[in-house]
Each structure stands twice: as structure tokens, then as C-alpha cells.
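Chain by chain, the residues:
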Amino acid sequence: MTDRYATFAHSGAGRFLVKRLGLPDPPKLRRYGLGNEFGPVTLGGSGRLAEPTRHILDKLPTAGEGTSAVVFDASGIADSTGLGALYDFFHPVIRSVRPSGRVIVLGAPPELCTSAREATAQRALEGFVRSLGKEIGRGSTAQLVYVAPGAEEATESTLRFLLSGRSAYVSGQVIRIGPAAVDVPDDWDRPLVGKTAIVTGAARGIGAAIAGVLTREGAHVVCLDVPAAGEDLSRVANENKGTALQLDLTAEDAPRRLADFIATRHVHADVFVHNAGITRDKTLGKMSAEQWASVIDVNLASQERINDVLLAERLLGDNGRIVAVSSVSGIAGNRGQTNYATSKAGVIGLVQATAGAVAEHGLTINAVAPGFIETKMTAAMPMFLRESGRRLNSLAQGGLPVDVAETIAWLASPASGGVNGNVVRVCGQSLLGA
Ligand code: NAD
């Protein structure tokens, strides 16, 4: 699906008109590509995270000149008077950040702070980062990463993700990292070598992109979808040298069949991505009982049933990962989507309610919440709604399925063990529910 306005805005005449009329100017985002490393990173701040962060940054390949990222350790800010350090550090450098640059603020989780003053100052970082994300422009992004005491060494996969083109459509997010043993991959470009990943709803759209990115990262991917999508499913599985599994997730015997498939074919799976989802949009008064029930069943209840069997029968390997696809609708709500937003908010609830129990199994569970992503689903929206979805975010454009897939790949990495119970929006910092 092409964004005709963005194509026009990037043309010679378009650039002129966009500037003259003050129209939205969607920047070209720098996405993942080997040899597309980021340039020099400027590091500031003096909390407990500065030194471990410097070690990580020293390992990252850099290319080119100028500041392409600014990382600030704010974990040492103990009260509101210390917040001036943000101004002192960022004011002189912020305008020199290159297009598609990155700002990362590192902080201490407020809920773990020992005094109210410190918790207040650390919580204040959210407002700073979210505002910077909205004003920095030119395809640059800003994130806040709260690192728990003891998790200083568990940040590498997250910093690598946020500093790269893989996080092109993620902005204004607050990520929490807890202490965890980190499984450092031999090759950071292929951390999933030797792993098996199962992706539901993989026959098309975002699911097909997830299958592609997880394969690129080294995984053997089992692509799962309904029998009716069999032809597309085989194509996606073949393209990725993976395995196709035809299964309707709402069938009564689906968890059993899935468990038997994993146990007999793969012994265990390492990554399970709950991506399958449907919409049946209607305002509540016009919605049929079937429209309500089917959306809850596919988008939420099937995930619960599958997680139950994955955990009960220990079908995920050590350091396994569950990643669920929610939606910004599940955070902000959306007209005509009471069923869908209920199911997607439920997915967030499921992740948050089970993260503790999942961690006891040595696993993690996280969710991504896509905003406006260019797919067949959004192409079918009425023009006005589609255009507002595309433009009403800090990057003034829709995301691509690959943007969601890259975020899932970060969460699926064996090095992301410290990231558990998070909900990360892939929405270009959408103004909806911001
Ligand atoms: P899509 O409709 O293109 O693909 C969904 C896939 O899920 C289809 O291949 C479908 O056959 C499969 N599926 C549906 N019911 C199933 C079942 N019972 N068993 C097995 N497979 C089933 O949708 P998409 O746009 O690629 O969305 C993927 C996910 O991302 C969904 O969960 C969706 O809610 C979510 N999402 C999408 C957007 C967006 O902008 N496209 C935004 C937010 C969230």
C-alpha cells in the first residue's frame, strides 16, 4: 500500500509546496540494513548506568560523522532540582542530531526508588522524553529506558535495538529492564540461530513480516494460519525455508494439536508470537453477538488457552519468549471497536498479569501495540480515517509491517531476558492515547 502523499511530499514540487504551506512533512525513515550502522553516539550523565553503557557503546559499529544518537544517564538524579541536568546536557546538542537520530534517556524505575523525591524526579523523565519525541522531527526518535538496580548488564539488546534502524517507527516509549541472566549471542545480527519460532497469522500482513525478520535473525519459523489461508501460508513458509502449520486457533482441539506438533516435531519451541487477529468493527448498538464473541475469542481467549498449554507442558525451551500483538486501540479505545479494543486491552492485561509466573519458568512475555501500519486492513479504511491515522503521529506517516516485526525480534532475542511484562507501542508516537 503506497502513501501517495509521502511520495508527493518527497518530490521536487512537493517539497516546495510542503514548505510553503506548512503541510506535514513525513521524513524518510532509516530502517534496518546491514552496513547501515549508526554514527557516533554522545553519552552524558553520571549515574550508575554511564559506565556499563559506555562499554556497550564502545562495541557498536559506527559509521559517518556527526551525532546520530544521544544517550543520557539520568539514573543519578535524586530530586527535582537535579532535573536541570537534562536541560544542561541536551540543550547544546539536540539540534545537531542527524536525521533518523536517536535520543535515549536511562533512568531508575520510580517504583523501585528509595525516596519519594527520587521517585518523583525519575517519573518526571517520562514527560521530558515524550515531549522531545514530539518536537525532535526529521525521523528521529526519543525513548526512556528504566533500568532496575542489578540490571545494568542486561541492557545491551535494548540499546542495540533502539540505536539502530530496526526501531525506526518506535518513539516516545518507556521500557523497563529488570535483572536477568543475559544470553549473549555469538552474532548480534543472527541471535536466533538454532531457535524455533512459531508465528500465528503468518500467511500475510504483519505475520508474514514477522516470519521474514525472525528467519533473517536465524530462527527456523513455523508459520501458522487457518486452513483457508493455506496457499499464502505455504508461500510464506517456503520463502522463509520454514514449516507451514494449518490450524484454526479457535478450534476446541487447537491447544492440544499445537502441543502435539511442538512435542513431536521440534521437542520445544523457543519463541511464540501471538499475532493472529481479526476485526469486526461496528458501533456497539449495531454489533451482533457473533461479531463480539469472535473477536474476543481469536484475539484474546485463544492466546490464554495456548499460553496455558505452553506453560503447563513446558513446551518453550529455556530462556523462551512469548510475544503478543496488541494494538494502540487497546490503549486508547477506538470508535466502532469496542470488541477489538476490549480484546487488545485484554492482551495487555494478560501480559502484565502473567509476567511474574512466566519469569518463574525462566521465560519472558511482552506485547507490542502497533498503531497505524500499512497493511490490507488499514488500506480498507475510509480515506479520511486512513489519512488521519497516517499523519497524527510524531513521524507523520504509517509504519510498515517490518517495523512491528523488528520490535518483536528484539523482544524475542535470547539477550532480552531482562525485558519482561513490557508493552511497547510501534506507532511513531501516535497522538491517539498518547
Ligand atoms: P491480517 O488480517 O492481514 O492478518 C491476520 C492473519 O491472522 C490472517 O492471515 C488470518 O488468516 C489469521 N487468522 C485470523 N484468525 C485466525 C485463527 N482463528 N487462527 C489462525 N489464524 C488466524 O492482519 P494484520 O494487519 O497483519 O494484523 C496482524 C496483527 O496486528 C493482528 O493481531 C492485528 O490486530 C494487529 N494490529 C494490526 C494493525 C494494523 O495497522 N494493520 C494495527 C494494530 C494491531
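You'll find the structure just up there.
Residues numbered from 1 in each chain as written. Predicted model: local features only at pLDDT ≥ 70, side-chain atom pairs only at ≥ 80, totals over all residues. Heavy atoms only, no water.

(A) Structural detail: the pattern of salt bridges. One pass over the full model with this rule turns up 20 salt bridges. Linking Arg54 and Glu51 is a salt bridge whose minimum nitrogen-to-oxygen distance equals 3.8 Å. A residue pair is termed a helical-turn pair when its members lie 3 or 4 positions apart in one helix, as Arg54 and Glu51 do in helix H3 (residues 50-59) at three residues. In this structure, Glu374 engages Arg390 in a salt bridge whose closest nitrogen and oxygen atoms are separated by 2.7 Å. (Salt bridge = Lys/Arg side-chain N within 4 Å of Asp/Glu carboxyl O. Helix = DSSP H or I, 4+ residues; strand = E, 2+ residues; numbered from the N terminus.)

(B) Representation of the site of the ligand. Lining the immediate surroundings of the ligand are 27 residues, of which Arg204, Ile206, Asp225, Asn275 and Tyr340 lie closest. Between the ligand and the protein, one listed contact pairs a nitrogen atom with a side-chain N or O atom of Asp248 at 2.9 Å. With respect to the ligand, the backbone of Asn275 contributes an N or O atom lying 2.7 Å from an oxygen atom. Protein contacts shield 93% of the accessible area of the ligand, which totals 820 Å² for the unbound molecule. (Near = heavy atom within 4 Å. Polar contact = N/O pair within 3.5 Å; in protein donor to acceptor, adjacent residues only side chain to side chain. Areas by Shrake-Rupley, 256 points an atom, 1.4 Å probe, with all protein chains shown as cover.)

(C) The arrangement of the pairing of strand S3 (residues 97-107) in detail. Most of S3 is tucked away, with nine of its eleven residues classed as buried. When strand S2 (residues 67-73) meets S3, the two strands line up parallel, connected through six bridges. Across the sheet, Ala69 pairs through a bridge with Arg102, a residue of S3. Note that the unit made of S2, helix H4 (residues 84-93) and S3 has a crossover that is right-handed. Where S3 and strand S4 (residues 141-147) come together, six bridges link them in parallel fashion. If you follow Leu106 over to S4, its bridge partner there is Val145. The β-α-β motif built from S3, the intervening helix H5 (residues 116-136) and the parallel element S4 has right-handed crossover chirality. (Buried < 20%, exposed > 50% of the residue type's maximum accessible area, 1.4 Å probe, protein only. Pairing = 2+ DSSP bridges. Right-handed = clockwise from strand over helix to strand, strands pointing away.)

(D) Examining helix H9 (residues 254-266) more closely. For H9, built from 13 residues, the straight-helix expectation of 18 Å at 1.5 Å per residue is met to within 8% by its first-to-last C-alpha distance of 17 Å. Val267 lies just past H9 and shows a positive phi near 65 degrees. (Expected span 1.5 Å × (residues − 1).)

(E) Representation of the side chain of Thr378. With respect to the secondary-structure elements, Thr378 resides in helix H13 (residues 376-379). Setting aside chain neighbours within four positions, we find Thr378 in contact with Phe372, Ile373 and Arg386. (Contact = heavy atoms within 4.5 Å.)

(F) Fine view of unusual backbone geometry. One non-glycine residue with positive phi stands out, namely Ser100, at about 55 degrees. Relative to the helices and strands, Ser100 is located in strand S3. Residue Ser100 is classed as buried on the basis of its relative accessible area of 4%. The phi torsion at Asn319 lies on the positive side, around 65 degrees, for a residue other than glycine. Within the element layout of this structure, Asn319 appears in strand S10 (residues 316-325).

(G) Spatial organisation of the environment of Gly44. Among the secondary structure elements, Gly44 is positioned in strand S1 (residues 41-45). Expressed as a C-alpha distance, the spacing of Gly44 and Val105, which sit 61 residues apart in the sequence, is 9.6 Å. Non-local contacts of Gly44, meaning those with residues more than four positions away in its chain, are made with Val71, Phe72, Asp73 and Phe89.

(H) The arrangement of the sheet that holds strand S7 (residues 220-225) in detail. As summarised here, the arrangement of the seven strands in space is S8-S7-S6-S9-S10-S11-S12, forming an open sheet in which the pairing is parallel. Each of the sheet's edge strands pairs with one partner strand only, and the pair in question is strand S8 (243-246) and strand S12 (423-426). Ignoring strand direction, the axes of neighbouring strands in this sheet form an average angle of 20 degrees. Here strand S6 (residues 196-200) runs beside S7; their pairing, made up of five bridges, is parallel. Pairing of Ile198 across the sheet is with Val222, part of S7. Running at roughly 160 degrees to S8, helix H8 (residues 230-239) makes contact with S7 and S8 of the sheet. Sheet strands in contact with helix H12 (residues 338-360) are S10, strand S11 (364-370) and S12, and its direction is about 160 degrees off that of S11. (Axes fitted to C-alpha atoms, helices over the stretch in contact; angles between N-to-C directions.)

(I) Representation of the packing of aromatic side chains within the structure. Within this structure, the stated rule accounts for five aromatic pairs. On the basis of an interplanar angle of 50 degrees and a centroid distance of 5.3 Å, the ring pair of Phe90 and Phe128 is categorised as tilted. One end of the pair, Phe90, is in helix H4; the other, Phe128, is in helix H5, and 38 residues separate them in sequence. On the accessibility criterion, Phe128 (23% relative accessible area) is partly exposed. Linked through ring pairs, Phe72, Phe89, Phe90 and Phe128 together constitute an aromatic cluster. Between the NZ or CZ atom of Arg216 and the centre of the ring of Tyr32, over which it lies, the distance is 3.5 Å. (Phe/Tyr/Trp six-rings, centres within 6.5 Å; stacked < 30°, edge-to-face > 60°. Lys NZ or Arg CZ within 6 Å of the ring centre and 35° of its normal.)

(J) Up close: the side chain of Glu156. With respect to the element layout, Glu156 can be found in helix H6 (residues 156-163). Owing to a relative accessible area of 9%, Glu156 belongs among the buried residues under this scheme. Of note is the side chain of Glu156, whose polar atom sits 2.8 Å from the side chain of Lys59. Residues contacting Glu156, with those up to four places away along its chain left out, are Ile56, Lys59 and Trp188.

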